[in-house]
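Chain by chain, the residues:
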Amino acid sequence: MTNQGIGQSVRRKEDFRFITGQGHYTDDINRPGQLYASFLRSPHAFAKIKSIDTSTAKKMPGVVAVYTGQDVAADKVGGLICGWTVKDKKGEPHKAPRHDIIAIDHVRHVGDQVAVVIARSASQARDAAETIEVDYEVLKPVVDVVSALKSGAPQVHADAPGNLCYDWDFGDKAATEAAFAKAAHVTKIELLNNRLSPNPMEPRSAIGEYDPGLDTTTVYTTSQNPHVIRLILCAFVLGLPEHKVRVIAPDVGGGFGSKIFNYAEETVCVWAARKLKKPVKWTSDRTEAFLTDAHGRDHVTHAELAMDKDGKFLGLRVATMANMGAYLSTFASAVPTYLYALLLAGQYTTPAIYAEVKAVFTNTTPVDAYRGAGRPEATYVVERIVEAAARELKMDPAELRRRNFVPPDAFPYQTPVACVYDSGQYAKALDKALEMADKAGFASRKAASAKKGKLRGFGICAYIEACGIAPSAVVGSLGAGVGLWESAQIRFNATGSVFVYTGSHSHGQGHETTFAQIVSDKLGVALENVEVIHGDTALVPMGMGTYGSRSLAVGGSAIIRAVDKIVEKGKKIAAHLMEASVEDVAYDKGVFSVKGTDKQVPMAQVAFTAYVPHNYPADLEPGLEASAFYDPANFTFPAGVHIAEVEIDSDTGDTTIANWVAVDDFGNVINPMIVEGQVHGGIAQGVGQALLEGVVYDPQSGQLLTASFNDYCMPRADNLPSYKVGMIETPCPHNPLGVKGCGEAGAIAAPAALMNAITDALGTEEITMPATPLKVWQVIQSRKLADAAE
Amino acid sequence: MTISVTLIVNGQPVTRDIEPRTLLVQLLRETLELTGTHVGCDTSQCGACVVHIDGKSVKSCTILAAQAQGAKVVTIEGLAQDGKLHPMQEAFRENHALQCGFCTPGMIMSAVDLVQRNPNPSEDTVRHELEGNLCRCTGYHNIVKAVMAGAQAMRG
């Protein structure tokens with residue numbers, strides 16, 4: 001028991017099925033009589049649909065049905081929704097143009113769905129889709145935010161004039177202007193936050209199934225939040241009663257945000273299955289995933305930092321243009337606003353901050369939350385401009401940060417951008433990271449690199465993130481259409497084993513182990529006798545799912561609340577068994593005892609008695625189970641310092657990561673092995689953003705040029721180093737486990753750390769992500785030319 | 001039109017009539033219901049579909065089932081012997097080398113082949129050899145550790 005509880009690196013319970021090939025991912029599931037869907041997609045970025053001829057397709061072998069947007073419209077299917085309404089500077093709601101599950105009159109990005117074929121096999125459906133003839137009137141597209149905001153730009157939606165979704169601001173403009181007026185020094189920076197494709201290794205997949213006898217609909221789907229999908233499908237898109245719909249998200253092969261959203265294809269499977277009264281399955285191929293999975297990031301930002309003569313931050317102002325793509329995805333509007341501007345204080349005491357964000361429609365794939373969602377973009381702004389400021393002031397970047405950190409005795413700390421930071425020890429993390437990175441030895445390592453003709457750079461990123469999303473009343477006041485609490489249910493069996501039901505969802509995070517550790521530790525049940533159930537709306541109480549590093553801080557807290565209820569009832573049963581009064585019963589780790597005596601009964605006996613209540617309190621219900629819902633009091637604020645050290649080959653522009661140090665403060669840690677794994681994976685995605693990855697559209701045609709793994713550069717084993725991971729633990733004061741969340745930290749910290757190292761090596765801020773060998777080489781060459789000219 | 005193929009999968013001879021264009025991975029997943037072999041891309045880049053054909057790792061999305069006529073195919077389901085996990089499977093679990101588990105079968109099959117060809121690989125060799133297997137979750141750190149540990153266990 002002692003080596004399986006809280007704080008132990010327990011090996012994962014879920015691994016056996018995955019290492020033996022016995023997982024159950026959605027595409028592994030097949031239903032009797034199942035049909036297959038294949039989508040015909042737009043080859044144009046922007047076009048008017050003049051006509052669609054499906055007559056040949058309908059006669060192809062195996063074809064059961066061919067549907068277009070007209071069929072969807074005839075059934076009065078609702079459009080896909082955005083669940084978070086952002087209000088602009090004038091208090092007007094954002095523009096959320098209609099998003100049909102199959103396009104009706106216009107296609108607005110390459111890959112937009114134009115028709116669907118349902119056939120007896122996947123290849124028959126695909127063959128038939130290729131025979132559909134569509135007459136398009138091709139329109140000139142716009143793919144980037146700067147072009148889209150220009151007058152005369154193509155208009156993506158008639159009801160979003162100027163392609164503007166919203167023009168929003170946050171913070172105290174007057175106070176920030178005043179701070180800049182008295183500044184001794186102002187640092188300015190232009191930043192591009194490159195568009196990324198999330199690329200979980202499992203492509204999206206869905207099966208819709210309808211049982212006419214029961215009038216129930218079942219959806220198997222690759223989702224991070226099955227209840228949210230059920231709510232959206234029922235209440236907004238298909239108009240079905242929630243109690244007649246079951247959504248199952250079985251084993252899910254990674255999400256990183258992209259599987260939060262309600263997409264067109266899954267919705268079409270459900271709609272078609274009900275129409276045809278047969279199961280309908282669709283599985284994305286990888287190019288479809290690049291074309292239709294919501295992308296991440298894509299910001300263009302100008303930022304300015306005002307400082308006094310000692311480098312004390314006085315004010316920060318930020319102007320950002322955020323690309324929304326062709327339609328507003330499920331939570332897209334919140335990402336560059338409330339998940340972005342509220343984090344612009346970083347770890348610092350900057351007293352005045354003002355941010356303006358223009359969200360813009362373009363003829364590209366919709367953009368929504370991707371690992372970190374807004375917080376990587378905020379961290380990139382803060383940590384790049386702080387680094388640039390240190391260089392301008394000729395000050396040690398670590399010292400400039402130290403001078404401006406929120407001190408450890410200032411918590412809870414109210415920032416000027418609404419957040420109240422819960423706890424932290426920012427200087428301690430920085431000192432530890434600098435020591436682990438051997439900052440003292442950097443000068444000699446740089447000299448050694450120079451002897452080999454190579455450049456060497458050292459980059460720090462001190463990040464903060466807001467996790468444990470989120471207090472329902474707060475997000476409701478900011479426009480969220482949902483509450484962001486979480487549910488848990490603990491159910492004892494008569495023989496002492498336990499089911500734990502959670503409304504959060506694991507798609508790689510290891511909930512089946514971490515949550516079992518908590519319950520094992522608190523209820524004294526052996527780990528192998530705890531089964532964690534998630535991902536099925538028919539089994540699990542309504543829950544909000546997994547994203548924003550919320551599962552442990554919110555879902556784990558709900559489990560603790562349920563544990564408390566179990567113990568409370570257990571005490572009554574134990575008191576009866578021990579012939580004591582309830583007030584005299586103590587409880588510790590699975591054992592009830594009478595205070596001051598040697599009388600005790602174990603949890604297993606209490607559970608058995610609850611189900612076989614022959615000798616039982618007269619006024620007590622049988623059974624031992626408890627449900628709990630937990631709505632967090634605040635966000636949690638994990639923070640830390642990542643340090644990248646790079647060596648650059650001046651001849652090729654190739655960047656090698658020589659060292660990576662991460663010191664993170666996630667509060668208390670339940671399973672260090674799993675937490676470190678989350679950090680590793682996050683860093684890899686952040687390194688991918690900074691060095692390798694980038695979604696590229698052709699500006700003229702709007703074609704997606706990076707629509708396969710041949711063209712989009714995913715990080716591979718030989719692109720990455722091993723990481724040195726350290727932790728400090730400052731417990732979160734407002735949740736029962738003292739935990740903060742760890743899923744996104746690496747992806748938030750890594751891009752700025754790496755770009756600070758690369759710009760340090762190159763001696764210029766003028767390079768954008770991804771810093772490919774070509775771009776780095778061009779910077780080196782242009783500097784050589786400039787030096788020669790002097 | 002269909003054609004008949006016969007091959008030995010995880011030690012069992014199987015004969016099936018299939019469409020000539022059927023990929024090996026489709027035969028494994030859809031006809032034989034061996035769904036441990038995964039499909040993560042359509043350009044032979046991700047390696048989620050790696051199986052062993054006559055002892056060598058092959059991306060099963062890249063060959064037609066008909067090309068495997070007469071071959072001995074081992075999938076992730078056939079790696080454990082007599083109820084005992086292969087040392088590489090054990091090493092992946094012990095070193096937390098998987099998160100979502102989707103790339104894991106292909107990763108393990110590639111790693112076993114790598115070690116069979118190279119019983120004592122360096123970290124650099126492991127990283128280079130795994131270039132054909134994408135993982136989006138782990139950042140590869142623990143996969144590399146697991147392969148090194150699995151290699152040691154396979155050496156005995």
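Starting afresh in each chain, residues are numbered from 1 along the sequence in its written order. Lettering of chains starts at A and numbering of ligands starts at 1, both following the order in which they are written. In keeping with the predicted nature of the model, local features appear solely for residues at pLDDT of at least 70, side-chain atom pairs appear and are counted solely at 80 or more, and the whole-chain, interface and lining totals rest on all residues.

1. Side note on the overall build of chain A
We count a stretch as a helix when DSSP gives it H or I for four or more residues in a row; a strand needs E for two or more, and each element gets its number in order from the N terminus. Each helix and strand in chain A was counted, giving 20 helices and 28 strands. Here the globule rule is a power law, 2.2 Å times the number of residues to the power 0.38, and the radius of gyration is based on C-alpha atoms. Rg of the C-alpha trace for chain A: 28 Å, near the compact-globule value of 28 Å for 790 residues, within the 12% margin. Taken along its principal axes, the extent of the C-alpha atoms in chain A is 95 × 75 × 50 Å. Counting the 790 residues in chain A, one finds 57% classified as buried. Any residue surrounded by 20 or more other C-beta atoms within 10 Å of its C-beta is treated as buried, while 12 or fewer makes it exposed and the intermediate range makes it partly exposed; C-beta atoms here are placed from the backbone.

2. Quick look at the sheet that holds strand 1 (residues 3–9) of chain B
All names here are of chain B. Any two strands are treated as partners once DSSP identifies two or more bridges connecting them. As summarised here, the arrangement of the 5 strands in space is 2-1-5-3-4, forming an open sheet in which the pairing is mixed. Edge strands, defined here as strands with exactly one partner in the open sheet, are strand 2 (12–18) and strand 4 (56–59). Taken over all neighbouring pairs, the strand axes of this sheet differ in orientation by 40° on average, direction set aside. Two strands pair when backbone bridges link them, and strand 1 and strand 2 are joined in this way by 7 bridges, in the antiparallel orientation. Across the sheet, V9 pairs through a bridge with Q12, a residue of strand 2. In the packing of helix 3 (residues 104–117) onto the sheet, the strands contacted are strand 3 (50–53) and strand 4, and the crossing angle to strand 3 comes to about 40°. For helices, the fitted line uses only the C-alpha atoms of the stretch in contact; every axis is such a line through C-alpha atoms, and the angle between N-to-C directions lies from 0 to 180 degrees. It is the C-beta atoms, placed from the backbone, that decide contacts: two residues are in contact if theirs lie within 7 Å.

3. Here we look at the interface of chain B and chain A
Across the boundary between the two partners, chain B contributes 42 residues, which contact 42 residues of chain A. Every element with two or more residues in the side of chain B that touches chain A is listed here: helix 2 (87–94), helix 3, helix 4 (123–129) and helix 5 (141–155) of chain B. Classifying every residue of the side of chain B that touches chain A by side-chain character gives 19 nonpolar, 16 polar and 7 charged. Put simply, Ala, Val, Leu, Ile, Met, Phe, Trp, Tyr, Cys and Pro go in the nonpolar bin, Asp, Glu, Lys and Arg in the charged bin, and everything else, Gly too, in the polar bin.

4. Quick look at the domain arrangement of chain A
Residues and elements named next belong to chain A. Looking at chain A, the domain boundaries give domain 1 (2–16 + 485–630), domain 2 (33–139 + 202–253 + 259–292) and domain 3 (299–469 + 634–789). One C-alpha centre belongs to domain 2, the other to domain 3, and the line joining them spans 36 Å. With 23 residues of domain 2 at the interface, the matching set in domain 3 holds 25 residues. When the residues that make up the side of domain 2 that touches domain 3 are grouped by side-chain class, the tally is 12 nonpolar, 9 polar and 2 charged. The source of the domain bounds is an automatic or database domain assignment.

5. Points about the environment of I101 of chain A
Residues and elements named next belong to chain A. Among the structural elements, I101 can be located in the loop between helix 3 (69–74) and strand 4 (106–107). The exposure class assigned to I101 is buried, which follows from the 25 C-beta atoms found within 10 Å. Measuring from C-alpha to C-alpha, the distance between I101 and V237 comes to 9.2 Å, with 136 residues separating the pair along the chain. Contact partners of I101, with chain neighbours within four places excluded, come to V72, V77, L80, A264, T267 and V268.

6. Here we look at the sheet that holds strand 13 (residues 299–307) of chain A
Strand pairing in a sheet takes place through backbone hydrogen bonds and is either antiparallel or parallel in direction. All names here are of chain A. Read across the sheet, 5 strands follow the order 7-15-14-13-8 without closing on themselves; strand pairing throughout is mixed. Here the strands that pair on one side only, and so sit at the sheet edges, are strand 7 (164–171) and strand 8 (185–193). Neighbour-to-neighbour, the strand axes of this sheet turn through a mean angle of 10°, independent of strand direction. Docked against the sheet, helix 6 (residues 173–181) engages strand 7, strand 8, strand 13, strand 14 (313–325) and strand 15 (352–361), running at close to 120° with respect to strand 15.

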